[in-house]
Every structure is written in structure tokens, then in C-alpha cells.
Amino acid sequence: EKGSAAPLSCGMMPGDVLAVRPGSAHSFICCERLRIFNVMFKPKLIAGFYSELRFLPGLKGVFREAPAWKLHMPPAALKDAERCAWRIEAELKARTPGFKLSAKTAFLELLLLLGRQEPSRLLPSASEEDLFKQQAIGKAVCFMERGMKERLSVESIAKAAGLSPSYLAHIFTQ
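This is a predicted model, so every value here is computed, not measured.

Criteria and thresholds
Residues numbered from 1 in each chain as written. Predicted model: local features only at pLDDT ≥ 70, side-chain atom pairs only at ≥ 80, totals over all residues. Heavy atoms only, no water. Core = buried A, V, L, I, M, F, W, Y, C linked by side-chain atoms within 4.5 Å. Buried < 20%, exposed > 50% of the residue type's maximum accessible area, 1.4 Å probe, protein only. Helix = DSSP H or I, 4+ residues; strand = E, 2+ residues; numbered from the N terminus. Contact = heavy atoms within 4.5 Å. pLDDT = per-residue confidence, 0-100. Lys, Arg positive; Asp, Glu negative; His and termini not counted. Salt bridge = Lys/Arg side-chain N within 4 Å of Asp/Glu carboxyl O. Phe/Tyr/Trp six-rings, centres within 6.5 Å; stacked < 30°, edge-to-face > 60°.

Right, let's get into the nonpolar core. L53, L59, M73, L111 and L114 are the most contacted members of the largest nonpolar core, which has 20 residues in total. Put simply, the parts of the chain that give this core at least two residues each are β2 (16-20), β4 (68-72), α2 (75-94) and α3 (99-115). Top contributing element to this core by residue count: α3, with 7 residues. Look past the residues within four positions of M73 in its chain and what remains in contact with it is G15, V17, L78, A81, L113, L114 and Q117. Membership of the second largest hydrophobic core comes to 8 residues, among which are A136, A140, A158 and I171.

Moving on to the confidence of the model for the protein. With 74% of its residues at a pLDDT of 70 or more, the protein shows a mean pLDDT of 78. Taken as a whole, residues 1-7 scores under 50 in pLDDT and shows 13 contacts with residues more than four places along the chain or in a different chain.

Our next topic: the side chain of E91. Turning to its location among the elements, E91 is positioned in helix α2. One buried charged residue, E91, forms no salt bridge at all, with the nearest opposite charge on R87 at 5.6 Å. When neighbours within four sequence positions are excluded, E91 is seen to be in contact with T96, F99, S102 and A103.

Another aspect to go through is the packing of aromatic side chains. Going through the model one piece at a time under the given rule, you end up with 1 aromatic pair. Geometrically, the ring pair formed by F41 and F107 is tilted, given 4.8 Å between the ring centres and 50 degrees between the ring planes. Placement of the pair is F41 in the loop between β3 (26-29) and α1 (50-53) and F107 in helix α3, with a sequence separation of 66 residues. Exposure remark for F41: the relative accessible area of 32% places this residue in the partly exposed category.

Printed below as a string of C-alpha cells:
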């Protein structure tokens, strides 16, 4: 379902975490080899912990009015976060006695792990032009990642991104 905000599109790499506010349309580019965990929650789930969570560096974006925020987790923290996500999923599927409490505990642990990370940036809503540029850069980066062992040229990268070489150079330097 489309949100009311301008769409957001960004490239994702292993360890990237993107938080998107409700109603914000979004998409991912360059993520074919990634596992994506989509964790949605109702704010009342963390109501008792709000005052503590809102001041953690990695969660400040969740509590602001920006449509999205992005951070990158180092490998060790990423493994811990994945374990939390898998545990949440397993508890919700198994539905054994105490599963809600166990899933909530794993979710709070996940929030704490995210909160201890420094956010990369807050992501504003993108205009159509900015969205086009983000997607073109994402295509270019994907092409370069796939061809790292080959000799790449600006022309071949621009062609993969659907741009002229001069325009690719221009948007890369912005």
C-alpha cells in the first residue's frame, strides 16, 4: 500500500538497518544477496521503555519526524541482531506458553542492539529527481560490485545505470 509521503529508495549492504515511519513508501535497490528482516511493531509495545530508548544514539531517528533513518551495524552486532530477529519469528510461530513475553524480550534486545549503534544518517523524503538519482547510483554501485574483478569504465557503468557518462559523474560528485 502506498504511503502519503514521497517514496524513499536506497541501496542496502550487509549490516544496513533502515527504519521507516508508518505511511512512508519505500523500496530497496541492490539487495539481491541480502536477507531482509521486516520488523513492524505498535508503539504501545515499548511504552514502558520509551523514556530510555529514545535517547539511545541508534534509535533517535525512530522517535523523530524524519520519514526514515539508516544505520550500519558491524558484523558482531549484526549476528546478535539476526539471532534476535530469528528468535522473535520462532517464538511467534511456535506459540508455546510464554511466547509473547519471549518475543517481546527478544524485540527489546534487538532495539537495544540497534540503539547502541551510531546512525549513519536521517533520510529525507525524496523528490522524483532525487529518487531517480538514488536509483541510478544504486544501479551503478551494484554493477561495480558485480564487476570488481573486471576492468570497468565510466562508459560501461553509466550504461548499466541508464545514464550518460557525464551525468553519472555529475550525480556521483553531488
